[in-house]
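Here are the chains, one letter per residue:
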Amino acid sequence: MTGVQTCALPISRLARLRHERKHLPVLSRIESVIERLKANKRAAIQADASLSEAKAQATRSEDEVGQVVRRAEVLRERLHSGHSAARDLSAIQGEIDQLGQRQAALEEAQILAMEALDSAREEVERLSQEESEIRTAGRELTAKRDAEFARLDEEIDSLENQRADLAGTIETALLADYEAVRTSTGGLGAVALRGRSIEGGTVEISPQELARIVAAPKDEVIHAEENDVIVVRMDI
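The structure presented is a predicted model; accordingly, all values stated were derived computationally and were not measured.

Of all five residues that make up strand β1 (residues 190–194), four are buried, and the element is covered over most of its length. In terms of strand pairing, β1 meets strand β4 (residues 230–233) through four bridges, oriented parallel. If you follow Leu193 over to β4, its bridge partner there is Arg233.

Inspection of every chain in the model, using the stated rule, returns 11 salt bridges. We note a salt bridge from Glu131 to Arg135, for which the minimum N-O separation is 3.0 Å. With Glu131 and Arg135 both in helix α3 (residues 86–167) and four residues apart, this pair spans about one turn of that helix. Judged by relative accessible area, which is 29%, Glu131 ranks as partly exposed. Judged by relative accessible area, which is 41%, Arg135 ranks as partly exposed.

A word on helix α5 (residues 207–215). Within the span of α5, buried status applies to Glu209, Leu210 and Ile213. The buried residues of α5 occupy one face: seen down the axis, they fall within an arc of 100°. Turned more than 90 degrees away from the buried face of α5 sit Pro207, Gln208, Val214 and Ala215, all of them exposed. In this structure, the buried side of α5 is in contact with β1, β3 (222–223) and β4.

Let us look at a negative patch on the surface. There is a patch of like negative charges on the surface, built from Glu108, Glu115, Asp118, Glu122 and Glu125. Note that Glu125 resides in helix α3. Taking relative accessible area as the criterion, Glu125 reaches 56% and is therefore assigned exposed.

Before going further, it helps to examine helix α2 (residues 25–81). Its 57 residues give α2 an end-to-end C-alpha distance of 83 Å, which sits within 8% of 84 Å, the value for a rise of 1.5 Å per residue. In the stretch just after α2, Gly82 is the one whose phi turns positive, near 80°.

Among the nonpolar cores identified, the biggest contains 17 residues, and Val229, Ile230 and Val231 are the most heavily contacted of them. When residues of this core are traced back to their parent elements, those giving at least two are α4 (172–185), β1, α5 and β4. Element by element, the count of residues in this core is highest for β1, at four residues. Within the second largest apolar cluster, 12 residues are counted, among which are Val26, Val33, Leu141 and Phe149.

With that out of the way, let us pick up the environment of Leu127. Mapped onto the fold, Leu127 is located in helix α3. For Leu127 and Ala44, which are 83 residues apart along the polypeptide, the C-alpha to C-alpha distance reads 6.1 Å. Dropping the residues within four chain positions of it, Leu127 is found in contact with Asn40, Ala43, Ala44 and Ala47.

Let us look at the confidence of the model for the protein chain. Confidence in the prediction for the protein chain averages 84 pLDDT; 85% of positions are at 70 or higher. Mean pLDDT across the elements of the protein chain bottoms out in strand β2 (residues 197–199) (67) and peaks in α2 (95).

The rules behind the values
- Residues numbered from 1 in each chain as written.
- Predicted model: local features only at pLDDT ≥ 70, side-chain atom pairs only at ≥ 80, totals over all residues.
- Heavy atoms only, no water.
- Buried < 20%, exposed > 50% of the residue type's maximum accessible area, 1.4 Å probe, protein only.
- Helix = DSSP H or I, 4+ residues; strand = E, 2+ residues; numbered from the N terminus.
- Pairing = 2+ DSSP bridges.
- Salt bridge = Lys/Arg side-chain N within 4 Å of Asp/Glu carboxyl O.
- Arc of directions from axis to C-beta.
- Contact = heavy atoms within 4.5 Å.
- Patch = residues over 30% accessible without salt bridge, like charges linked within 9 Å, V, L, I, M, F, W, Y side chains within 5 Å.
- Areas by Shrake-Rupley, 256 points an atom, 1.4 Å probe, with all protein chains shown as cover.
- Lys, Arg positive; Asp, Glu negative; His and termini not counted.
- Charge placed at Lys NZ, Arg CZ, Asp CG, Glu CD.
- Expected span 1.5 Å × (residues − 1).
- Core = buried A, V, L, I, M, F, W, Y, C linked by side-chain atoms within 4.5 Å.
- pLDDT = per-residue confidence, 0-100.

And the structure:
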């Protein structure tokens, strides 16, 4: 096994682990929970505004009914007091009748206002309960994510240490080449080639390039045409 092959063993696994860490299924589920929480917050703001308006409308309706009732009571007292002139009694009775009709209409509106208030309160309570459920789900997913991160990070740290130890056994020039490639690619220094399959990175190898790699001398350091990453032939 060549020096590059020796170093590539943990590198391939490291690349897979880092990719797995960035694309854990739980991460997209957490993002979904965050979006749900944002939507819940927007709905809650609207629901609170609707509740405030419903309360104000219910208060207005109650006040309007109260005003009519009090006016009718005053008129009835005048009607039955015996102090009003006979010519005024008919007008007083007529106004009482009108107030009765007005009161009936206002009480109907008051019922609708109270129903709207009840609905607004129910919606605020529903959204509050929904928020609690979303946050509970978020905490559970966060705990799952942290556990997955801890598992992967432990293995990544172990492989990083293994790679560091192996690097000490590789020729200085080869190690410098590897580190230069890692710098230029943003972290990917080498990939492993097993048969026709590339492990450790998303590097495309054409049939023509594969033939060139296979035909190269055993000890030659091969660079991929796509991004100059080192291709380690694991089957030689």
